[in-house]
Amino acid sequence: MSKLQPIDKTELSEYSISLLNRCHIHTVSDFLNEKSEKLQNILKIKEAQVLDTKKLLRQIFGPEKQTLAQLFSHWISDGCLYKTGIDNLDSILGSESLQSGSIWEICGSSGVGKTQLALSVVINFVISKALPVLYIDTKLDFSAVRIRQMLESRCIGRNVYAGIMQLIKVERCLSAQGVLNILENFEKEMENKNATVMNINLIIIDSMPAAWFLLKANEDQLAGKWLLSRLTNLIYKFAQKYYVAVIIINLSVPIMTDGPLNKNSGDIQTQDSEEYDDPYGENAYSQERHQNGNLRPALGRYWQSVPRLRLSLGYGSKLELDKDDTLRYITVINSCYSATHIKCPVHLTAKGII
Amino acid sequence: MARAVLSNWSEGRYCEIIFIDLTHKFDVMHFANHHLRHIILTQNDEIVLTPEEENAAVQKSLESITLLNCHSLEQFEIAFTELEDLIWHNNNIGLLVIDGLERFYWEDCHQRLQRMSTYYKKWVTKLQQICQEHNLSCCFTVESSHLKTKAEVIIDYELKISKKDANGLSKLNNRIFFTDENGINFVDE
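Fair warning: this is a prediction, and the values are worked out from it, not measured in the lab.

1. Overview of the interface of chain B and chain A
Opposite the 52 residues of chain B that make contact, chain A presents 50 residues. Between chain B and chain A, the buried area comes to about 4,900 Å², and carbon and sulfur atoms account for 57% of it. For B:Glu143, the salt bridge goes to A:Arg301, with nearest N and O atoms at 2.9 Å. Of all elements in the fold, only α2 (28-43), α3 (51-63), β2 (65-69), α4 (73-88), α5 (105-111) and α6 (116-134) of chain B reach the threshold of two or more residues within the side of chain B that touches chain A. If you tally residues by element for the side of chain B that touches chain A, the top one is α4(B), at 10 residues. In this sheet, β2(B) lies alongside strand β1 (residues 64-67) of chain A in antiparallel orientation, the contact comprising 4 bridges. Residue pairing in the sheet places A:Glu64 in a bridge with B:Asn69 of β2(B).

2. Some remarks on empty space enclosed by the protein
All names here are of chain A. Applying the stated criterion across every chain yields a total of 2 cavities of 30 Å³ or more. Its boundaries defined by the atoms lining it, the second largest cavity holds a volume of some 30 Å³. Lining the second largest cavity are Thr84, Leu89, Trp104, Ile106, Leu117, Val121, Ile247 and Leu311. Sorting the residues of the lining of the second largest cavity by element identifies β4 (103-108) and α7 (114-129) as the ones contributing at least two each. Its residues assigned to classes, the lining of the second largest cavity shows 7 nonpolar, 1 polar and no charged.

3. Some remarks on the UniProt feature "coiled-coil region" (unreviewed entry) in chain A
With numbering aligned to this structure, UniProt lists the feature "coiled-coil region" (unreviewed entry) at residues 176-203 of chain A. Taken as a whole, residues 176-203 of chain A contains 71% helix and 7% strand, while its terminal C-alpha atoms sit 16 Å from one another.

4. Regarding the pairing of strand β11 (residues 327-335) of chain A
Residue and element names in this part refer to chain A. Summarising burial for β11: 8 of the 9 residues are buried, a large majority. Pairing of strand β10 (residues 309-315) with β11 involves 7 bridges; the strand directions are antiparallel. Counterpart to leucine 309 in the pairing with β11 is serine 335. Both β11 and strand β12 (residues 342-349) contribute to a ladder of 6 bridges, which runs antiparallel. Counterpart to threonine 331 in the pairing with β12 is lysine 343. As consecutive antiparallel partners, β11 and β12 are separated by 6 residues, and within that stretch histidine 341 has a phi angle of approximately 60°, a positive value.

5. Quick look at a nonpolar patch on the surface
All names here are of chain B. Side chains of Ile176, Phe178 and Val187 sit close together on the surface and give an oily, nonpolar patch of about 230 Å² of accessible area. Secondary-structure assignment places isoleucine 176 in strand β7 (residues 175-180). Relative accessible area serves as the criterion here: at 34%, isoleucine 176 is assigned to the partly exposed category.

6. A short note on the layout of surface pockets
Space inside the second largest pocket adds up to approximately 1,000 Å³. Every residue lining the second largest pocket is counted, 43 residues in all, and those nearest its centre are A:Asn233, A:Tyr236, A:Lys237, B:His71 and B:Gln75. A total of 8 residues in the lining of the second largest pocket trace back to one element, the largest contributor, which is helix α13 (residues 221-242) of chain A.

7. With respect to the pattern of salt bridges
Throughout the structure, instances matching the rule amount to 20 salt bridges over all chains. The shortest N-O distance in the salt bridge between A:Arg58 and B:Asp85 comes to 3.4 Å. Linking A:Arg58 in helix α4 (residues 47-61) with B:Asp85 in helix α4, this pair reaches from one chain into another. Here B:Asp85 falls in the partly exposed class, since its relative accessible area comes to 29%. The salt bridge partner of B:Arg112 is B:Asp108, with a shortest N-O separation of 3.0 Å. The partly exposed category is assigned to B:Arg112, whose relative accessible area is 42%. Members of the salt-bridge network, linked through shared partners, are A:Arg58, A:Lys65, B:Glu82 and B:Asp85.

Parameters at a glance
Residues numbered from 1 in each chain as written. Chains lettered and ligands numbered in written order. Predicted model: local features only at pLDDT ≥ 70, side-chain atom pairs only at ≥ 80, totals over all residues. Heavy atoms only, no water. Contact = heavy atoms within 4.5 Å. Buried area = accessible area lost by both parts, 1.4 Å probe. Salt bridge = Lys/Arg side-chain N within 4 Å of Asp/Glu carboxyl O. Helix = DSSP H or I, 4+ residues; strand = E, 2+ residues; numbered from the N terminus. Pairing = 2+ DSSP bridges. 1 Å grid on protein atoms, 1.4 Å probe; cavity = no way out; pocket = protein on both sides within 12 Å on 5 of 7 lines; lining within 4 Å. Points joined across faces, edges and corners; volume = space filled by probe spheres on them. Nonpolar A, V, L, I, M, F, W, Y, C, P; charged D, E, K, R; others polar. UniProt positions renumbered as here; feature names shortened; annotations may be inferred. Buried < 20%, exposed > 50% of the residue type's maximum accessible area, 1.4 Å probe, protein only. Patch = residues over 30% accessible without salt bridge, like charges linked within 9 Å, V, L, I, M, F, W, Y side chains within 5 Å. Areas by Shrake-Rupley, 256 points an atom, 1.4 Å probe, with all protein chains shown as cover.

Shown next, in the form of structure tokens:
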């Protein structure tokens with residue numbers, strides 16, 4: 001919670017704050033929830049001054065307030081809809097395009113081609129919009145050589161390679177906190193109106209489990225959930241404020257059919273911690289299936305409801321793969337606004353996913 | 001929300017709503033172009049609207065809903081003081097809507113470890129107090145894993161949505177439904 005800090009030209013001077021602290025009013029929330037009469041007595045000011053100070057604190061620390069009419073007109077002027085550039089996928093998504101201010105997830109089993117799909121979307125985006133993309137690489141998988149290969153296969157002129165690759169801004173980190181630090185810096189640069197950063201309309205995080213699975217050890221479970229929660233709030237905050245679209249790469253993992261994932265988690269800080277034994281919600285999936293058979297997106301129950309759209313990339317049947325090992329299927333497994341359980345065939349080629 | 005805000009529009013009155021969005025998946029374009037327009041067109045068969053009248057009804061509805069976007073637990077807590085201020089200054093507010101009541105549970109847990117049901121009860125109690133004090137209705141969404149000890153909290157109407165089956169159908173209080181661009185459609189209707 002934000003601690004009370006002096007604010008120029010208001011009743012909140014250092015002296016006032018020390019008076020408030022003596023009365024156990026330390027945070028903005030404490031101040032706002034305290035009765036005006038008590039604050040008047042502590043600070044020796046009038047009621048109108050107390051109310052003005054409360055109003056100012058609500059403006060600075062409180063939620064953004066607007067009518068839906070204002071939101072609608074902001075969206076008309078600043079919002080954008082993007083296509084992925086993969087024809088079959090765009091066709092099944094219909095009007096549910098990659099929308100600025102939304103989070104998509106691409107999940108799939110290890111090695112199926114999720115990174116290739118992300119790179120394909122990035123290249124398609126850069127080529128069509130000529131706008132920069134921020135690519136957060138937590139697996140150290142990003143390969144400029146592969147990007148070049150994809151551009152060559154698409155018969156893109158060599159003279160534009162450098163320009164396209166310059167628009168892909170890669171940041172590498174190996175931890176969950178590292179991902180948050182990158183995004184917090186990104187937000188700061190946006191607030192400072194850094195010209196390069198202001199033009200970024202698409203962010204890719206490849207991949208989340210690579211950073212978050214390090215936090216699945218017993219003592220770090222709750223920290224991992226907290227960081228995931230912070231990440232979600234941070235992404236949605238600047239995605240909506242600055243009209244940025246975000247795509248997150250996740251892993252599909254087998255659904256547990258019996259028993260809890262971590263049998264020794266009962267010693268986390270409290271007694272009767274039945275709700276904390278399974279902070280990633282692994283057990284919740286033992287009765288569930290989705291269309292990919294016995295697979296589910298990783299990162300647990302909390303993460304289930306975060307993305308606006310969830311796509312799954314998977315292999316075809318064995319027979320299909322024997323005929324064509326480049327074949328993959330993209331399935332819409334969760335969507336807030338479009339039909340689900342529909343899929344389309346795509347191919348993993350030198351050009352990327354097409 | 002669409003049905004509430006348009007409940008009296010044919011008499012020229014609009015119920016005002018405060019919407020606290022914690023999941024951030026709300027799409028105002030979809031809401032305006034699908035949900036609101038669908039209700040305007042189907043609510044009253046006797047009235048035929050011109051496009052201008054339809055747009056005016058949509059615009060007025062959008063102006064009647066105040067959105068509070070919360071991105072942290074602190075903002076959510078401050079939203080409640082903001083609520084008091086909004087309600088005192090506007091007699092037309094009839095409905096409070098919160099999407100994702102459980103959203104900041106892990107953030108709160110980081111500061112003080114607590115059960116999901118404890119967190120849920122805390123916020124529902126606050127909502128009940130506000131609704132009783134100001135004679136409001138409240139509608140909120142919550143993830144069902146937070147409801148283990150729900151017997152301690154009395155909710156007037158509970159709508160439970162269960163997981164989708166292989167055909168993409170879900171159940172709302174044991175009635176099968178599907179969603180399309182116009183909202184919820186029950187299969188048994």
